[in-house]
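So the chains spell out like this:
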Amino acid sequence: QVQLVESGGGLVQPGGSLRLACATSGFPFSTYLMSWYRQAPGKERELVAAFTTLGGSTSYVDSVKGRFTISRDNAKNTVYLQMNSLKPEDTAVYYCKARARTLLKVTEYWGQGTQVTVSS
């Protein structure tokens, strides 16, 4: 049974920090590319940060560059998103995604999301 469980969301003041975690099970975590998405009310889901290779290359949406850091611990089957200098526009539900691609198919799994609210 595949599970992706996000945690670490909450209410934080502008300029504050949060660390999201996505604990996974049920699939070979180390062979999957992991990423974080977010969806604000009334907006489309957007890619925030991602591992682009299993070797550890990463990419970020411009709006979070220099503030957010994605990392992973293959021993714990967990991916993290460190978020610093948070802004009200970072308010959204944050989701983690696991993706693997072979010649025959693409497999993707999503977590249920965790709410991040940045407000004074």
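As shown above, the structure is provided for reference.
A short note on the pairing of strand β7 (residues 68-73)
Item 1. Side chains of β7 alternate between two faces, with Phe-68, Ile-70 and Arg-72 buried and Thr-69, Ser-71 and Asp-73 left unburied.
Item 2. As paired strands, β7 and strand β8 (residues 78-83) are joined by 6 bridges and run antiparallel to one another. Residue pairing for β8: Phe-68 is matched across the bridge by Met-83.
Item 3. Between β7 and the antiparallel strand that follows it, β8, lie 4 residues; Asn-77 among them carries a positive phi value of about 55°.

Some points on unusual backbone geometry
Note on backbone geometry: most residues besides glycine have negative phi, and most peptide bonds are trans.
Item 1. Look at Asn-77: it is not a glycine, yet its phi comes out positive at around 55°.
Item 2. Note that Asn-77 resides in the loop between β7 and β8.

Overview of the sheet that holds β7
Item 1. The 4 strands lie next to each other as β1-β3-β8-β7, forming an open sheet whose pairing is antiparallel. Looking at which strands have only one partner, the edges of the open sheet turn out to be β1 (3-7) and β7. On average, each strand axis in the sheet is tilted by 15° relative to the strand beside it, whichever way the strands run.

Some remarks on the side chain of Thr-91
Item 1. With respect to the element layout, Thr-91 can be found in the loop between β8 and β9 (92-101).
Item 2. Looking at Thr-91, its side chain comes within polar contact range of the main-chain oxygen of Pro-88, at 2.9 Å.
Item 3. Among the polar contacts listed, one links the side chain of Thr-91 to the backbone nitrogen of Val-118, at a separation of 2.9 Å.

Conventions we followed
Residues numbered from 1 in each chain as written. Predicted model: local features only at pLDDT ≥ 70, side-chain atom pairs only at ≥ 80, totals over all residues. Heavy atoms only, no water. Buried < 20%, exposed > 50% of the residue type's maximum accessible area, 1.4 Å probe, protein only. Helix = DSSP H or I, 4+ residues; strand = E, 2+ residues; numbered from the N terminus. Pairing = 2+ DSSP bridges. Axes fitted to C-alpha atoms, helices over the stretch in contact; angles between N-to-C directions. Polar contact = N/O pair within 3.5 Å; in protein donor to acceptor, adjacent residues only side chain to side chain.

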